[in-house]
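# Fold and geometry: a report
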There are 2 protein chains.
Amino acid sequence: MEIAILLYERFTALDAIGPYEVLSRLPGADLAFVASERGEVRTDNGMLTIVAERSLDEMRSPEIVLVPGGPGEVGARAGSEVLEWLRTAHETTTWTTSVCTGSLILGAAGLLDGKRATSHWLALQTLAGLGAEAVSERVVFDGKIVTAAGVSAGIDMALALAARIAGEEVAQAIQLGIEYDPQPPFDAGSPEKAPAEIVALLRDRSRFNEEAAARR
Amino acid sequence: MEIAILLYERFTALDAIGPYEVLSRLPGADLAFVASERGEVRTDNGMLTIVAERSLDEMRSPEIVLVPGGPGEVGARAGSEVLEWLRTAHETTTWTTSVCTGSLILGAAGLLDGKRATSHWLALQTLAGLGAEAVSERVVFDGKIVTAAGVSAGIDMALALAARIAGEEVAQAIQLGIEYDPQPPFDAGSPEKAPAEIVALLRDRSRFNEEAAARR
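The rules we used
Residues numbered from 1 in each chain as written. Chains lettered and ligands numbered in written order. Predicted model: local features only at pLDDT ≥ 70, side-chain atom pairs only at ≥ 80, totals over all residues. Contact = placed C-beta atoms within 7 Å. Helix = DSSP H or I, 4+ residues; strand = E, 2+ residues; numbered from the N terminus. Nonpolar A, V, L, I, M, F, W, Y, C, P; charged D, E, K, R; others polar. Domains from an automatic or database assignment. Pairing = 2+ DSSP bridges. Least-squares fit on C-alpha atoms with pLDDT ≥ 70 in both. Axes fitted to C-alpha atoms, helices over the stretch in contact; angles between N-to-C directions. Buried ≥ 20, exposed ≤ 12 C-beta atoms within 10 Å, placed from the backbone. Parallel < 35°, antiparallel > 145°, perpendicular 65-115°, else oblique. Left-handed = near helix turned anticlockwise from the far one by under 90°.

## Here's the deal with the interface of chain B and chain A
If you look at the interface, chain B gives 58 residues, while chain A gives 58 residues. Of all elements in the fold, only helix H1 (13-23), strand S2 (30-35), strand S4 (49-52), helix H6 (153-166), helix H7 (168-177) and helix H8 (196-205) of chain B reach the threshold of two or more residues within the side of chain B that touches chain A. Grouping the constituent residues of the side of chain B that touches chain A by class yields 35 nonpolar, 13 polar and ten charged.

Now the structure itself:
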């Protein structure tokens, strides 16, 4: 089962590595990180380099496509190569998936028209502007398109996907293998739960906040 | 604030990348992946290559050390270079930390004698054999040594650490930034919660199960 995780400059690492850690454990997984060209790709903060071991040309028809998010999604959306690859791959995938603002790339490729989909909580309006019915849920299935909320939500998505692909027992074995029994020290992981001033701080600093951007 | 995340052949990616995604967001973080030599390091399943951008020699006194786990820990424990680096670095760290079986490397370096510490649930006995008081908890602080349970527990540990270093508000802002509001599809992330047959399956397949290994 070919699984392609798309890389591009300035992606967010955990968006990709969370699902990788789950999906790579599926029986028969042939998982590869792909980019326009083989070689090193740097993450959003410049502190981590991951190697794309295959080019897009070398993986034209994976069964599963996963698109991570990150500030580099703007560049990915602006170029035609990634979008064309996504459109072509999507024709034959079993599952086309994204984490965080990766859904904006799926949207820019025209794959989310009228579909229920999610994204990072700060990017839901932008997602709606790309044709999707943007919903604030952690993991959203709409046909073969599966989208996850911000960054860490890719782990939950990948486990849900693992259950659909290989059954609940396999998914549970993977969950126990990675000891995914989350115990966050705070209950601040969503805008509904975090203190209002912290939500406001992140909203104000966000690149999706046009009002604040205009003030700067 | 220098943060060194140790890499070695056949480490488990999420052990390192979960905490990276949290700690790299701390104000003033100068985070680097380090290994015996600069260059490419492959993960446990051979499907992912990460670049160590600094050698151990280039980062002798980081404030924070993080040691991930993975089957390659056996090799790391057998060599003297990593252990010597850890012993020296630990003399001046503010925090010396591990995720999953990374604690076995800390133990082999002699840093856990009499310390409360944890590891992957399958490795707790091995951890006890290395001098630690092994406890089944998700995140364990003992002085400046902080250890986390299996793989995904590094995210919880890093958030707890972020709060100690920069305050609860910063930690909560990071948590909201990575939208860490976990919603696993199953409640199977610990041996106490997972179905007994799945616990037995993983225990039987485990490289830490000497009885099963003797049968093979």
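## A closer look at the domain arrangement of chain A
Size of an interface: often given as the accessible area lost when the parts come together. The domain architecture assigned to chain A consists of domain 1 (2-182) and domain 2 (184-216). Distance from the C-alpha centre of domain 1 of chain A to the C-alpha centre of domain 2 of chain A: 24 Å.

## Details of the sheet that holds strand S7 (residues 95-99) of chain A
Residue and element names in this part refer to chain A. Read from one edge of the open sheet, seven strands run S5-S2-S1-S6-S7-S11-S10, paired in mixed fashion. Either end of the sheet is taken by a strand with one partner, and the two such strands are strand S5 (54-55) and strand S10 (139-142). Sheet topology places S10 next to strand S11 (residues 145-148); four bridges connect them, and they run antiparallel. By the bridge assignment, Val140 is partnered in S11 with Thr147.

## Structural notes on the relation of the copies chain B and chain A
Mapping chain B onto chain A calls for a screw motion: a turn of 180° about the axis and a shift of 0.0 Å along it, with 0.0 Å RMSD after fitting. Here the copies are linked by what is in effect a two-fold axis. Using C-alpha coordinates, one finds that chain B approaches the rotation axis most closely at Ile50 of chain B, a distance of 2.3 Å. Of all interface residues in chain B, 100% are interface residues in chain A too; the two copies therefore contact each other through one and the same surface.

## Here we look at the sheet that holds strand S1 (residues 2-6) of chain B
Residues and elements named next belong to chain B. A sheet is described by the order of its strands in space; here seven strands give the open sequence S5-S2-S1-S6-S7-S11-S10, paired in mixed fashion. Here the strands that pair on one side only, and so sit at the sheet edges, are strand S5 (54-55) and strand S10 (139-142). With four bridges joining them, strand S7 (residues 95-99) and strand S11 (residues 145-148) adopt parallel strand pairing. Considered in S11, the bridge of Thr97 is made with Val146. Here H1 sits on the sheet and contacts S1, S2, strand S6 (64-67) and S7; the angle it forms with S1, its principal contact strand, is near 165°.

## Some remarks on the pairing of S11 of chain B
Burial along S11 of chain B is two-sided: the residues Ile145 and Thr147 of chain B and Val146 and Ala148 of chain B are all buried. In this structure, the hairpin formed by S10 of chain B and S11 of chain B is closed by a connection of two residues, where Gly143 of chain B is found at a positive phi of approximately 60°.

## Quick word on the pairing of strand S3 (residues 39-42) of chain B
Side-chain positions along a regular strand alternate between the two faces of the sheet. Residues and elements named next belong to chain B. Two elements, S3 and S4, share four bridges in a ladder whose sense is antiparallel. Directly across from Gly39, in S4, lies its bridge partner Ala52. Between S3 and S4, which pair antiparallel one after the other, the connecting turn spans six residues, and Gly46 there sits at a positive phi close to 75°.

## Quick word on helix H7 (residues 168-177) of chain A
Taking burial as the measure, the ten residues of H7 of chain A include seven buried ones, the bulk of the element. Of the residues making up H7 of chain A, those classed as buried are Ala171, Gln172, Ala173, Ile174, Gln175, Leu176 and Gly177 of chain A. Against the buried residues of H7 of chain A lie helix H1 (13-23) and helix H6 (153-166) of chain A together with H8 of chain B. Taken from the residues just after H7 of chain A, Glu179 of chain A is the one with a positive phi, measuring 45°.

## What to know about the environment of Asp44 of chain B
All names here are of chain B. You can see Asp44 is positioned in the loop between S3 and S4. The exposure class assigned to Asp44 is partly exposed, which follows from the 19 C-beta atoms found within 10 Å. It is 25 Å that separates the C-alpha atoms of Asp44 and Leu111, two residues lying 67 residues apart in sequence. The residues contacting Asp44, other than those within four sequence positions of it, are Arg10, Phe11, Thr12, Gly70, Pro71 and Gly72.

## Considering the packing of H1 of chain A against H6 of chain A
All names here are of chain A. Closest axis-to-axis distance for the H1/H6 pair is 8 Å, and the angle between their directions is 30°. Here H1 is positioned roughly parallel relative to H6, judged by the angle of their axes. Crossing of H1 over H6 shows right-handed handedness. The residues of H6 that touch H1, namely those facing Asp15, Gly18, Pro19, Val22 and Leu23, are Gly154, Ile155, Met157, Ala158, Leu159 and Ala162.

## Section: unusual backbone geometry
Residues and elements named next belong to chain A. Positioned with a positive phi, Cys100 is a non-glycine residue whose angle comes to about 55°. Inspection of the secondary structure puts Cys100 in the loop between S7 and helix H4 (102-108). Given 32 C-beta atoms within 10 Å, Cys100 falls into the buried group. Its identity is not glycine, yet Glu179 carries a phi of approximately 45°, on the positive side. Structurally, Glu179 is set in the loop between H7 and helix H8 (196-205).

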